[in-house]
Amino acid sequence: MYKPVRCMWMRGGTSKGAFFIADDLPTDIIERDKFLLKMMGSPDERQIDGIGGADPLTSKVAIIRKSTKKNVDVDYLFLQVFVDKAVVTDAQNCGNILAGVAPFAIERDLISANDGETQVTIFMENTQQLATVKVATPKGIVNYQGEASIDGVPGTASAIPITFKDTMGSSCGALLPTGNQKDMIDGVTVTCIDNGMPVVVINALDMGISGNESREALEQNERLKKRLESIRLQAGKMMNLGDVTHKSVPKMSMVSPAKHGGVIATRTFIPKRCHTSIGVLGAVSVATACILPQSTAFTIANLAEGQSKTMSIEHPTGEMTVILELNSQNEPINAAILRTARKLFDGYVFA
Ligand code: NQM
């Protein structure tokens, strides 16, 4: 008999995932991961025997609990369920799935909502850092419909603004975990950076691509993928992430001059598939690389003056705007972005 577990399937930003209350899942991590693999249908490229969408961007899990921390509403643990491998990892955070956390917590009565708008403070367990999110809650009920649009998602929905605080060194312990703004790996100059997400930033030309290619074209480029993976495995060790063979970090972002008036253009491997857009915290890390004078991004980035920088990061399906606040030493102290989310299905998943 397969066991039913209460689950909400939600779109968060440009990703989709299964949202659970922590108490509804097995406490034993091996048992929990067995259940998650089974319910997603992994390992299988098609995830035919599960609810996963056969893409890393639609094979994600959020586990939420009411927080016991001071001034925090809920704790959020993100898990990436690999599509084609029996791997469930907490080695990365996810700023897209984060957009669904506050609506889910309100729907499940973990927190009470105001009449109008509700501000929710979320502790992100993966990186032990905080995010503050605002959700439209007329009459105390989550409103998913609205006029905000984000590239990579058709139509419009209610805006969910997110602010991240002090995300430097989220997983690697330092903004520049190698101690340098640039390093050389396999003869390629790279910037290893972590402002919320570990990312290796590389000039697209140095990888033999223009940076205008589609996701599909890049995923067919076997030579490129091999070179990226070789650099990634070495960068992982240099970034204090250890052996990253079975981890979904660091992300590999190839940058080129912006084509649509933005700051920079990106093509990002996460890390085996090419992202249809770019991850939220991935974009924050790339935006941060743009302001470091010796980074691989600096010379090609279109930067505006000022301590508050509105930075449009272009990607294969449009752009993502990151607002980066810098202190007087030009260090990023917080980052803001806009997302939307939608409840897609609520019920029980069987595994
Ligand atoms: O970087 C994909 C996504 C992500 C992660 C990935 C994300 C982030 O688009 O904060 O959102 O890079 O694996 O959901």
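Conventions adopted
Residues numbered from 1 in each chain as written. Predicted model: local features only at pLDDT ≥ 70, side-chain atom pairs only at ≥ 80, totals over all residues. Heavy atoms only, no water. Helix = DSSP H or I, 4+ residues; strand = E, 2+ residues; numbered from the N terminus. Contact = heavy atoms within 4.5 Å. Polar contact = N/O pair within 3.5 Å; in protein donor to acceptor, adjacent residues only side chain to side chain. Core = buried A, V, L, I, M, F, W, Y, C linked by side-chain atoms within 4.5 Å. Buried < 20%, exposed > 50% of the residue type's maximum accessible area, 1.4 Å probe, protein only. 1 Å grid on protein atoms, 1.4 Å probe; cavity = no way out; pocket = protein on both sides within 12 Å on 5 of 7 lines; lining within 4 Å. Points joined across faces, edges and corners; volume = space filled by probe spheres on them. Nonpolar A, V, L, I, M, F, W, Y, C, P; charged D, E, K, R; others polar. Pairing = 2+ DSSP bridges. Right-handed = clockwise from strand over helix to strand, strands pointing away. Phe/Tyr/Trp six-rings, centres within 6.5 Å; stacked < 30°, edge-to-face > 60°. Near = heavy atom within 4 Å. Areas by Shrake-Rupley, 256 points an atom, 1.4 Å probe, with all protein chains shown as cover. Sits in = over half its atoms within 2 Å of the grid points.

**Observations regarding the environment of H275**
Among the secondary structure elements, H275 is positioned in the loop between strand 13 (264–269) and helix 5 (280–290). For the pair H275 and P56, spaced 219 residues apart in the sequence, the C-alpha separation amounts to 8.9 Å. Among all residues touching H275, those that are not within four sequence positions of it are T14, L57, R215, T268, I270 and P316. A distance of 3.4 Å separates the side chain of H275 from the backbone nitrogen of I278, its partner in a polar contact.

**Comments concerning the nonpolar core**
Across soluble globular proteins, you tend to see nonpolar side chains buried next to one another. One finds Y76 and I264 to be the most contacted residues of the largest nonpolar core, which totals 85 residues. With eight residues, helix 5 is the single largest residue contributor to this core. Among all residues touching I264, those that are not within four sequence positions of it are V255, S256, A258, V286, C290, A297, I300, A301, S312, I313 and E314. One finds V5, F20, F35 and V88 within the second-largest nonpolar core, a separate group that totals 20 residues.

**Quick notes on empty space enclosed by the protein**
Taken as a whole, this structure holds one cavity of 30 Å³ or more when the rule is applied. For the largest cavity, the calculated volume is near 160 Å³. In this structure, the largest cavity is lined by 20 residues; those nearest its centre are K60, Q92, K251, H275 and G279. Of the residues forming the lining of the largest cavity, the biggest block, three residues, is contributed by helix 5. Across the lining of the largest cavity, the residue classes tally to eight nonpolar, ten polar and two charged.

**Section: the pairing of strand 13**
Burial analysis of strand 13 places six of its six residues in the buried class, the great majority of the element. Alternating positions in strand 13 separate into two faces, I264, T266 and T268 on one and A265, R267 and F269 on the other, with burial throughout. Alignment of strand 12 (residues 251–256) against strand 13, held across five bridges, turns out to be antiparallel. In the strand pairing of strand 13, V255 is matched with T266. By the bridge criterion, two bridges tie strand 13 to strand 14 (residues 308–315) in an arrangement that is parallel. Within strand 14, the position partnered with A265 by the bridge is E314. Taken together, strand 13, helix 5 and strand 14 constitute a β-α-β crossover, and its handedness is right-handed.

**A look at the layout of surface pockets**
In this structure, the largest pocket encloses a volume near 300 Å³. Together, 13 residues line the largest pocket, and P56, V83, D84, K272 and R273 are the ones closest to its centre. Classifying every residue of the lining of the largest pocket gives six nonpolar, two polar and five charged.

**So, the packing of aromatic side chains**
The tally for this structure, following the rule as stated, stands at two aromatic pairs. Seen from their ring centres, F19 and F104 are 5.6 Å apart, and the 45 degrees between their planes marks the pair as tilted. Here the residue F19 occupies a position in strand 2 (residues 15–21), and F104 occupies one in helix 2 (residues 101–107), the gap between them amounting to 85 residues. For F104, a relative accessible area of 0% translates into the label buried. Between F20 and F35, the ring centres sit 6.1 Å apart and the planes meet at 70 degrees, which makes this aromatic pair edge-to-face.

**Considering the environment of I160**
Assignment of secondary structure puts I160 in strand 8 (residues 160–165). On a C-alpha basis, the gap between I160 and M10 in space is 14 Å, while along the polypeptide they are 150 residues apart. Excluding its chain neighbours within four sequence positions, the residues that come into contact with I160 are A99, P103, V133, K134, I337, L338, R339, T340 and A341.

**Some remarks on the site of the ligand**
The immediate surroundings of the ligand are formed by 15 residues, with S15, G95, N96, H275 and L281 found nearest. Note that an oxygen atom of the ligand is positioned 3.4 Å from one of the side-chain N or O atoms of Q92. Contact between the ligand and G282: an oxygen atom at 3.0 Å from a main-chain N or O atom of the residue. Within the complex, 99% of the 350 Å² of free accessible area of the ligand lies under protein. Comparing atom positions with the cavity grids shows the ligand to sit within the largest cavity.

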